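Coordinate analysis (summary)
Below, each chain spelled out in residue letters.
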Amino acid sequence: MLDGLDDIDWARLGHAYGAADDVPGQLRALCSPDPATRDEALGDLYTNVFHQGGRFEASAYAVPFLLELLGDPATPDPAAVLGLVSALAIGYDEGVLPEGFPVAEHRRSAEGGRELLAAKPAPWTGDDESEKEYVEYAYVESLSAADQGRLWAYTELSVYDAVRAGVPVFRTLLTHSDPDVRTGAAYTLAWFPEEADGSVPALAGAIDAAREPGVGAASGEVATMLVASGLLGAAPDERWLADPRPVVRWAAAIGRARVLGAGADEATVEELLSWAANPSDDAVFPPAGGVAEPGGDAVMAPAPDGWVPFLDGDLGGYAGLALRQLGPQHAERAFDALLDRLPTVSGDRSLTVLGTALRVAFPDGPAPRGTPLAALAPRQRRLAEVLGRSTEPWLIDGQEFGNVCMLLGEYGLPQSRAAMLAYL
C-alpha cells in the first residue's frame, strides 16, 4: 500500500503552507485503525493540498495515492477519502453549477501554465519559522496577472486530470456496499464530461440496481445519480417526476433542465419552481457534526437518507440555479419563486438565491451607482423591496454577512439593510 510514496521529493513541491513534506505522513495516517488519527489527517489535507478551494502543485501528486486507497477494500472511511478527491477535482461546486464542469474552458485557460510552473522555485524548508521565506509566493507575485491566471489554471487542471484517471475506480464504487460511497462515487463522476460515454451507462446500471427489490437504496443516493447523469448529458426519464420521494422528483427535474434547457416540459418546470420557492419539508440536510463540508472538520457521519451532496445539500438553491436554464419564457415565474424564498434564507443559501435573483433582475448588467429607485426596472424595485422588509438574507450566524453586502454593491444597490430602507 502506498508504494512509491517516499520516492517523491515532497519538499520540492509546494502546498498552501510551503513545502509539502508533511503530506506523506498524512496520507499514511488515512490508513490508521484509529478514527481520531484519520480525522486529523483528513483535516490537515483539506487545509494544505485543498485550502479554501485552492489546489497546489503537491495536490496532483497526492491524488494517485488517494485513488490507490479508494481501490483497496481494506481502506477505512472510503467515503471520507472520496469526498476529498472530489473536492480536489473541482474545488467548490457552487462555481460550476448548474452547467457542470467547463473542462474545455479550463484547458484553454491553462495554456502556457506548464512552463510557468516549471520555472517556480522550490519552497522554503527549515525548522525556524521566524526565518521562513515565502519564495513561491514571491515568484507568483512577480508574474503578470495574465500569467498568474495561467499558472493557477494549469495547477488546478493538473489536479483535475489526476483525479480523472480515477474514473474507472469511481465507476466500480457505484456498487460498493456502503451507500455513502455509492453516493460519493456518482457525485464525483458528474464532473468528468470527457468520460461521459462510459460513465452514463455505469450510472444507469447503478440506478437500475437501486430499484431492485431488497436493495433499499437511499433516496439521496438515487437523486445524486440522476443529477450526475444530467450533468453528463443524459436526461433522466420523465417517469422519475412522478416518484413518491420528493428528492428524487427534484433530481429528475434538475437533470432534465440541464439537458433539455428551454425545451423542458411543463412538469419539469413546475417541479423546479416549487423547490426554488419552498423546498420540500421532506428535504434532508446534514446533521450538526455530521457530513463535513470541504475544508471543514473532517468528521464523517453516515449521510441522511435524502442527503444530496450537490451545492452542500441546498436543494432549493440548486433548483433556483437550474431555473435560468429554462430560457426567458419562464423568467417571470422564476423570479417570483426566488423572491418567495429569499426572505427565509441566510448565509450561503442567501448568496445563492440572491445571486440568481440579481441576474434575472439585471439582465443587462449592474445599475450605475446612485440610480434613483424610480429609475429601476420593475423587477429591480421588487427585489429591493423584498430585501428592505427582510432580515434573514443580510445575515450569517446572526451577524451581517459581508458577502451579501458586497454582492449588492456590485449591482449598484445599497450595501446594508439600513441603507436599503433609507433608499426605499
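Note that this is a predicted model, so its numbers are computed, not measured. (Residues numbered from 1 in each chain as written. Predicted model: local features only at pLDDT ≥ 70, side-chain atom pairs only at ≥ 80, totals over all residues. Heavy atoms only, no water.)

1. Some points on empty space enclosed by the protein
This is how the line gets drawn: Using only the protein atoms, space was sampled on a 1 Å grid; points where a 1.4 Å probe fits but cannot get out form cavities, open sets with protein on both sides within 12 Å along at least five of seven lines form pockets, and lining residues are those with an atom within 4 Å of a point. Grid points are joined across faces, edges and corners, and a volume is the space filled by probe spheres set on the points. To qualify as a helix, a DSSP run of H or I must reach at least 4 residues; to qualify as a strand, a run of E must reach at least 2; elements of each kind are numbered from the N terminus.
Summed over all chains, the structure comprises 4 cavities of 30 Å³ or more. In this structure, the largest cavity occupies an estimated 140 Å³ of space. G14, H15, F56, E57, L117, K120, E136, Y137, V140, L151, W152 and T155 are the residues that line the largest cavity. Every element with two or more residues in the lining of the largest cavity is listed here: β1 (14-15), α7 (135-142) and α8 (145-164).

2. Regarding unusual backbone geometry
In terms of backbone geometry, most residues other than glycine have negative phi values and most peptide bonds are trans. Backbone torsion omega between L97 and P98 reads 10°, so that peptide bond is classified as cis. Even without a glycine there, the phi angle at D77 is positive, about 55°. Relative to the elements of secondary structure, D77 occurs in the loop between α3 (57-70) and α4 (78-90). Even without a glycine there, the phi angle at D312 is positive, about 55°. Structurally, the position occupied by D312 is in the loop between α14 (266-277) and α15 (315-323).

3. Quick notes on the side chain of T75
We apply this condition: Polar contact criterion, stated in full: a pair of N or O atoms within 3.5 Å, where within protein one must be able to donate a hydrogen and the other to accept it, and residues adjacent in sequence count only if both atoms are side-chain atoms. In this description, contact between two residues means that some pair of their heavy atoms is separated by no more than 4.5 Å.
Its location among the elements puts T75 in the loop between α3 and α4. Here L69 takes part through its backbone oxygen, which lies 2.6 Å from a polar atom of the side chain of T75. Discounting residues that sit within four places of it in the chain, T75 has contacts with M1 and L69.

4. Notes on the nonpolar core
The cut-off we apply is this: Residues enter a nonpolar core if they are buried and are Ala, Val, Leu, Ile, Met, Phe, Trp, Tyr or Cys, with the set joined through side-chain atoms within 4.5 Å. Here's how the labels work: a residue is buried when its accessible area is under 20% of the maximum for its type, exposed when over 50%, partly exposed in between, all with a 1.4 Å probe on protein chains only.
F170, W191 and W250 are the most contacted members of the largest nonpolar core, which has 106 residues in total. Ignoring sequence-local partners within four residues, the contact set of W250 consists of V227, E271, W275, V308, L315, Y318 and A319. Core analysis: the next-biggest nonpolar cluster, separate from the first, contains 28 residues, V345, L354, A357 and V386 among them.

5. With respect to the environment of Y17
Mapped onto the elements, Y17 comes out in the loop between β1 and β2 (18-19). The spacing of Y17 and T125 is 108 residues in sequence and 11 Å in space, taken between C-alpha atoms. Setting aside its immediate chain neighbours within four residues, Y17 contacts T47, N48, H51, K132 and Y137.

6. Regarding the pattern of salt bridges
Quick note on the threshold: A pair is scored as a salt bridge if a Lys or Arg side-chain nitrogen falls within 4 Å of a carboxyl oxygen belonging to Asp or Glu.
Under the counting rule described, the total for this entry stands at 23 salt bridges. A salt bridge links R164 to E195; its shortest N-O distance comes to 2.8 Å. Remark: E195 occurs in the loop between α10 (179-189) and α11 (196-210) and R164 occurs in helix α8; sequence separation between them is 31 residues. For R164, a relative accessible area of 24% translates into the label partly exposed. Bridged by salt links that share partners, the residues R107, D161, R164, R171, E194 and E195 form one connected network.

7. Things to note about helix α17 (residues 347-361)
In plain terms, the rule: Residue count minus one, scaled by 1.5 Å, sets the expected span of a helix.
Over its 15 residues, α17 extends 21 Å from the first C-alpha to the last, a length consistent with the 21 Å expected when each residue adds 1.5 Å. Burial analysis of α17 places 11 of its 15 residues in the buried class, the great majority of the element. Of the positions making up α17, those classed as buried are G347, S350, T352, V353, L354, G355, T356, A357, L358, V360 and A361. Each element contacted by the buried residues of α17 is listed here: α15, α16 (331-341), α18 (378-389), β5 (395-396) and α19 (402-410).

8. Quick look at α19
Of the positions making up α19, those classed as buried are V404, C405, L407, L408 and G409. Along its buried surface, α19 packs onto α17, α18 and β6 (399-400). G412 occupies a position one or two residues after α19 and carries a positive phi of about 80°.

9. Description of a negative patch on the surface
For clarity, the cut-off: Any residue with relative accessible area above 30% and no salt bridge may belong to a patch, with like charges joined within 9 Å and the nonpolar Val, Leu, Ile, Met, Phe, Trp and Tyr side chains within 5 Å. Residue burial considers only the protein chains on display, and all accessible areas are found by Shrake-Rupley using a 1.4 Å probe. Within this scheme the basic residues Lys and Arg register as positive and the acidic residues Asp and Glu register as negative, but His and the chain ends are omitted. A charge is said to be at NZ when it belongs to Lys, at CZ for Arg, at CG for Asp and at CD for Glu.
A surface patch of like charges, here negative, comprises D127, D128, E129, E131 and E133. Turning to its location among the elements, E129 is positioned in the loop between α6 (113-118) and α7. When its relative accessible area of 53% is taken as the criterion, E129 is described as exposed.

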